[in-house]
Structures are given as structure tokens and as C-alpha cells.
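Structural overview for review
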Amino acid sequence: MAAGNTLTPGVPLQMDRNTLLQPEGKEDTPILLAELRPAREPLYDWKSSCETWSVEFSPDGSWFVWSQGQGIIKLIPWPLEEEELRQPSCRSKSQFHKGSEVKRKGSLKEKMIDCGQIVWSLAFGSSSAPAGWKLWPLSRQQDAKSNDTWLLLATGLSDGHVKVWEVHTGRLLYNLSGHQDVVRDVSFTKNGSLTLVTASRDKTLRIWDLKKDGKLMQVLSGHVQWVYCCSISPDCSMLCSAAGENVVLLWSMRSYTLIRKLEGHQNSVVSCDFSPDSALLVTASYDTTLILWDPYTGEKLKQFHHVPLSPEVEYSSAEPQLSSLRSVCFSPEGLHLASLADDRFLRVWSIEVQEPLTAAPVTNGLSCTFFPQGGILATGNRDGHVQFWTAPRPLPSLRHLCRMTLRRFLTTYQVLALPIPGKMKDFLIYRTNY
């Protein structure tokens, strides 16, 4: 493991597997489990950066990746091993060549990949290989744990290119070109189709089909400012994009046409995410608020305000940036949200309560994501560091599980058409908590 990695003493590292389930609404303050740091000092000039703009777990939870600055990304088998963090190994710069690996226990190996340009965005994609797919033989070096799943990693770069890597071999598969500026976000569909959406400062989104040799399927234009983020709904029907504007655009992933604009924020929207059942959309803005939307109707369901949490942080009308939001994400069970703001706090929210459930101090936080199986929350900051925190791991009610199951294949309009009591409809479309 890279030099400088630290572990909070006395805290078990494999919380993702051992954390006990809690009743809904019974969450404790997030506990810092571990911190990873780049193994070499960043170069502070206009051509380089050390910001961790993106942190991601693979869909099966077996890998973690983060952007470390200067074009270097690091793929780490999950869970982290405590003894490696306690006794970090020193590395020279010569070890940071493309595809370098560090041997670990088991068959998975830690990997360092040099993308050649500053990495702004990361996304995992996975698929079972179709018969005759010419790239499939390259992945036969995978270990038995992968269950014949082809795991890819897309990296959005500062020069407008998108490089796509095969995770288990570290092999570069595609170098997609077309964007004219920084690729600020990338997102894969979750149905195994390996459709990739990229969002850029050139004010466009591009849709690529990696099963057709990286063919460019569509260019989406509609934003007038830099596009900051994009998110594909888990049912693969919708695409959300947000730019340096106070409106959010919703697109159809079937026809690649604009469905609607969501208006409600007072400043640039910088982050967005769909709930696991695709029934909800959350957006985060520089206006210091989160908004929970019904993406099917465009209705604003809830608004969460980032009010001061520490007396040491003073706000004034002249300094709204102190609580400007940077990132937001849904938890795997769909009951919680996590957000990072410039007031140096990580907040965890319930979708049913308009005040944060818990909070923890995070300096210069930029990105956050939940572990796919819950219990862990990863955050990245401007110093190139990554921190891992305990996260709420509630035992969802049977009511909520039934709601999620139905909403995975029923739209809001289809629910409203059901011959069931009105209170039940309200619950299914997230208009009430009970």
C-alpha cells in the first residue's frame, strides 16, 4: 500500500461486512476508519492538480478507485487490509508506470494506472460478454471470483479524451475522442449494455456504445454552461445532467431527447444522483440546498438546507460559498443521502427528514460515494486524500422494500393509475413517510 496511508486506531477496517444492522433512524456520528494518501507529492502548477474529484467502488464491491492527480489512478482490492495500512511500503517514482501492480493476499492485485492526463472523473461498468465479442478473450485472465463478468473502468481526462480500461488486466481498451474540453463526469448504464455517457466542459454530453467498438451514438446539446455531472437512472430509462446553471436537464435514454427541465435551484447545480429504484432524483447546488425530485413528473418533493453546524464557521450574505455543495449520493438501500459542502462537513440525511441525521468534519471535501453493500462511505478531498467513514446501515422496513420493488418497474403515472387507496399511492410515490 502506498506510503502515507493511515488507519484510525482501534476501529475495525472491514466494517462493510461486520457492521450490525440498525433500525431506521438510529444512526451514530460517522467514524473515520481509514485514510489513503497519494504515495508521491503532487506538483502544484497550472498543468497539474491533486484533487480527488472522483471516488468509486465497483458494482460488486471488490474494487475501490480514486483519482490522485497528475493522471495517476489507483485500483485497490476491497476490503482494505489492516496490516498493510499499519506498515505502508515506500515507493519510488519509477514504480508509477502504466499498469504497475503490487502483490496482495489472494488473487486480486493493487494497480497503478497512468492515464497521461489529469483524471477528473471515474466510473465502473460491468457486463457478461456476449458470444463472439472480439474483446472478450482479453479478459480471460480474470480470477474465478469475477464470475465471468467483464469489469471496465472509464476515466474522463483533462484533454477531452475518455480512456477505458479492463480492470483485471490493466489493459487500455478504448481511447475515445470527441470532447473539446475537460470530461467532467462519466456514467455507465447498470444493465450490462456498456453504454457510456460522458459530460464535458464543452457544454455537451456524448453517448458511446462500447459493445460496438466505442461507437459514438449521440451528442446531446442543451446546456449553455460547463456540464458538471451526469447520472443514469438504475432502470436505464433516464439521464440527468447538470451544468453551471440553475436548471437540471432530464433526457430519455431510449430516444436521446430532452424530457423536461427541472427548475428550483438558485445557483449552479453541481451534483446529481438517482435513487436505487429510479423513483427519486437528488440534486446539489452552490445555492447550499439539496432538492429531492420526482423525475417522472418534475415535482419538487423536498428541499434540504445546509445550515451552519459549527460555531467556528461564520456565514454572511457576502460569503455564501462557505456552504456551497460539492457532491451528493444515495445510499444503497435508498433511505439516506450523503452530501459534502464547503463548510467542511460531511452530512448524512434521511430522505424523510429535512435536517441532517449525522455529520462529521471533512476538510476540503469534493466527492463522496457509498459502498454498494452499505456500511461504508468514501470521501475525496482537494489534497488527493481519500477517507473512509462508517455509514448508516439500517434494516429497511418491509413497507419500504415493497415500495422499492414496485418502483423499479412502475413509473409515478402507473402507480397513480392503480386501483388502490390514496394513502398507499402517496407512500409508493414518496409523497408521505407512512
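Just so it is clear, the model here is predicted, and its values are computed rather than measured.

The UniProt feature table records "repeat: WD" (unreviewed entry) at residues 152-175, 176-218, 220-261, 262-303 and 318-359. Across residues 152-175 one finds 0% helix and 67% strand; the C-alpha atoms that close the span lie 13 Å apart.

Taking strand neighbours across the sheet as the criterion, the four strands line up as β9-β10-β11-β12 in an open arrangement whose pairing is antiparallel. Only two strands of the sheet have a single partner each, and these edge strands are β9 (119-128) and β12 (171-176). For this sheet, the mean inter-axis angle between neighbouring strands, taken without regard to orientation, is 20°.

As a further point, take the pattern of salt bridges. According to the stated counting rule, one finds six salt bridges in the structure shown. Put simply, Arg-37 and Glu-35 hold a salt bridge, and the shortest N to O gap is 3.9 Å. A salt bridge links Lys-74 to Glu-110, with the shortest nitrogen-to-oxygen separation between them at 3.6 Å. Of this pair, Lys-74 sits in strand β6 (residues 72-77) while Glu-110 sits in strand β8 (residues 110-114); the two residues are 36 residues apart in sequence, bridging distant segments of the chain. Beyond isolated ion pairs, a larger network of salt bridges with shared partners links Asp-294, Glu-299 and Arg-431.

The four strands are arranged β21-β22-β23-β24 in an open sheet whose pairing can be described as antiparallel. The outermost strands of the open sheet, each flanked by one partner alone, are β21 (269-274) and β24 (299-305). Geometrically, the sheet is characterised by an average inter-axis angle of 20° between neighbouring strands, direction not taken into account. Alignment of β21 against strand β22 (residues 281-285), held across five bridges, turns out to be antiparallel. Bridging from a neighbouring strand, Phe-274 pairs with Leu-281 of β22.

Moving on, we get to the pairing of strand β19 (residues 247-252). Of all six residues that make up β19, six are buried, and the element is covered over most of its length. Of the two faces of β19, the one holding Val-247, Leu-249 and Trp-251 and the one holding Val-248, Leu-250 and Ser-252 are both buried throughout. Of the strand pairs in this sheet, strand β18 (residues 238-243) and β19 are connected by five bridges, and their pairing is antiparallel. In the strand pairing of β19, Met-238 is matched with Ser-252. The hairpin formed by β19 and strand β20 (residues 258-263) contains five residues between the paired strands, and Tyr-256 there has a positive phi angle of roughly 55°.

Under the counting rule described, the total for this entry stands at twelve aromatic pairs. For the pair Phe-57 and Trp-78, a centre-to-centre distance of 5.1 Å together with 85° between the ring planes defines the contact as edge-to-face. Residue Phe-57 is found in strand β4 (residues 55-57), and its partner Trp-78 is found in the loop between β6 and α2 (82-86); the two are separated by 21 residues along the sequence. When sorted by exposure, Phe-57 lands in the same class as Trp-78, which is buried. With 5.4 Å between their ring centres and 65° between their planes, Phe-304 and Trp-349 make a pair best called edge-to-face. Taken together, the positions of Phe-304 in strand β24 and Trp-349 in strand β27 (residues 345-350) put the pair 45 residues apart, joining distant regions of the chain. Each of the two residues, Phe-304 as well as Trp-349, counts as buried. Site record: aromatic cluster; members linked through ring pairs are Phe-57, Phe-64, Trp-66, Trp-78, Phe-371 and Phe-388. The cationic tip of Arg-201 hangs over the ring face of Trp-226; the distance from NZ or CZ to the ring centre is 4.1 Å. For the cation-ring pair, Arg-403 lies above Phe-427, with the distance from its terminal atom to the ring centre recorded as 4.0 Å.

As a further point, take the nonpolar core. Membership of the largest hydrophobic core comes to 17 residues, with the highest contact counts inside it found for Leu-290 and Leu-337. Among the secondary structure elements, those contributing two or more residues to this core are β22, β23 (289-294), β24, β25 (325-330) and β26 (336-341). With three residues, the single largest contributor to this core is β25. Leaving out residues up to four positions away in the same chain, Leu-337 has contacts with Val-282, Leu-290, Phe-304, Cys-329, Phe-330, Arg-347, Val-348, Trp-349, Ile-351 and Phe-370.

A few words on the environment of Ala-391. By the secondary structure assignment, Ala-391 is in the loop between β31 (386-390) and β32 (394-395). Its relative accessible area of 6% is what places Ala-391 among the buried residues. When the C-alpha atoms of Ala-391 and Ala-338 are compared, they prove to be 9.1 Å apart, with 53 residues separating the residues in sequence. Setting aside its immediate chain neighbours within four residues, Ala-391 contacts Phe-370, Gly-375, Ile-376 and Leu-377.

Buried within helix α3 (residues 398-407) we find His-400, Arg-403, Met-404 and Arg-407. Buried positions in α3, seen along its axis, are confined to an arc of 95° and lie on one side of it.

Between Trp-78 and the following residue, Pro-79, the backbone shows a cis peptide bond with an omega angle of 5°. Note on placement: Pro-79 falls in the loop between β6 and α2. The phi angle at Lys-203 is positive, at roughly 75°, despite the residue not being glycine. Examined against the element boundaries, Lys-203 turns out to sit in the loop between β14 (195-200) and β15 (204-209).

So, on to the side chain of Arg-326. Along the chain, the position of Arg-326 falls in strand β25. A polar atom in the side chain of Arg-326 sits 3.3 Å from the side chain of Tyr-286. In this structure, Arg-326 is in contact with Val-270, Ser-271, Tyr-286, Leu-340, Ala-341, Asp-342, Gly-365, Leu-366 and Arg-382, ignoring residues within four places of it in sequence.

Let's shift gears to the pairing of β23. The side chains of a regular strand alternate, residue by residue, between the two faces of the sheet. Most of β23 is tucked away, with six of its six residues classed as buried. Burial along β23 is two-sided: Thr-289, Ile-291 and Trp-293 and Leu-290, Leu-292 and Asp-294, pointing in opposite directions, are all buried. Here β22 pairs with β23 via four bridges, running antiparallel. Paired with Thr-283 across the bridge in β23 is Ile-291. Hairpin connection of β22 to β23: three residues between the antiparallel strands, including Thr-288 at a positive phi of 75°. The pairing of β23 with β24 spans six bridges and is antiparallel. Residue pairing in the sheet places Ile-291 in a bridge with Gln-303 of β24. Connecting the antiparallel pair β23 and β24 is a turn made up of four residues, with Gly-298 showing a positive phi of about 80°.

Definitions and cut-offs
- Residues numbered from 1 in each chain as written.
- Predicted model: local features only at pLDDT ≥ 70, side-chain atom pairs only at ≥ 80, totals over all residues.
- Heavy atoms only, no water.
- UniProt positions renumbered as here; feature names shortened; annotations may be inferred.
- Helix = DSSP H or I, 4+ residues; strand = E, 2+ residues; numbered from the N terminus.
- Pairing = 2+ DSSP bridges.
- Axes fitted to C-alpha atoms, helices over the stretch in contact; angles between N-to-C directions.
- Salt bridge = Lys/Arg side-chain N within 4 Å of Asp/Glu carboxyl O.
- Buried < 20%, exposed > 50% of the residue type's maximum accessible area, 1.4 Å probe, protein only.
- Phe/Tyr/Trp six-rings, centres within 6.5 Å; stacked < 30°, edge-to-face > 60°.
- Lys NZ or Arg CZ within 6 Å of the ring centre and 35° of its normal.
- Core = buried A, V, L, I, M, F, W, Y, C linked by side-chain atoms within 4.5 Å.
- Contact = heavy atoms within 4.5 Å.
- Arc of directions from axis to C-beta.
- Polar contact = N/O pair within 3.5 Å; in protein donor to acceptor, adjacent residues only side chain to side chain.

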